[in-house]
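Single-letter residue listing:
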Amino acid sequence: KSKNNDELSSKQKSTEIFLCLQIRCPDSHALLFAEAPKYGFEVVDITKELSDPTRDGCNNVCCSWGSELECVLLKMKSLSRTTS
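This report concerns the structure included in the present document. Not measured: the values here are computed from a predicted model.

Overview of the overall build of the chain
Scanning the chain from terminus to terminus reveals four helices and three strands. Along the chain, helices and strands appear, N-terminal first, in the series α-β-α-β-α-α-β. Scored against the burial criterion, the 84 residues of the chain give a buried share of 18%. Here the analysis covers contacts within the chain between residues at least 6 apart in sequence; of these, 80% occur between residues at least 24 apart. As displayed, the chain offers around 6,600 Å² of accessible surface, 52% of which is attributable to carbon and sulfur atoms.

Some thoughts on the nonpolar core
One finds Ala36, Val43, Val72, Leu74 and Met76 forming the largest nonpolar core, which totals five residues. The element that contributes the greatest number of residues to this core is strand S3 (residues 71–78), accounting for three residues. The residues touching Val43, leaving out its near neighbours within four places in the chain, are Leu32, Phe33, Ala36, Leu74, Lys75 and Met76.

Considerations on unusual backbone geometry
Trans peptide bonds make up most of the peptide bonds, and negative phi angles are found at most residues other than glycine. The backbone of Glu70 shows a phi angle near 55°, a positive value even though the residue is not glycine. The exposure class of Glu70 is exposed, given its relative accessible area of 65%.

Definitions and cut-offs
- Residues numbered from 1 in each chain as written.
- Predicted model: local features only at pLDDT ≥ 70, side-chain atom pairs only at ≥ 80, totals over all residues.
- Heavy atoms only, no water.
- Helix = DSSP H or I, 4+ residues; strand = E, 2+ residues; numbered from the N terminus.
- Buried < 20%, exposed > 50% of the residue type's maximum accessible area, 1.4 Å probe, protein only.
- Contact = heavy atoms within 4.5 Å.
- Areas by Shrake-Rupley, 256 points an atom, 1.4 Å probe, with all protein chains shown as cover.
- Core = buried A, V, L, I, M, F, W, Y, C linked by side-chain atoms within 4.5 Å.

The structure is reproduced here in structure tokens:
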């Protein structure tokens, strides 16, 4: 492997995606959680973590509009993969 490939591989392993959405179809929402590992992602619902105004660093302004719009916040991160 070249140095550039190693650096890219390291960045891909630490990739995190934050997705804010409304659940319009519970079946599709469940499918996202079920299928994500097949594509190398772990999906975690962090809605409550980031909407808690008592959380350190939140300053009582954490995503109040998100709850008003009935949004959920998901964190998707790359699963580590073994290479051959």
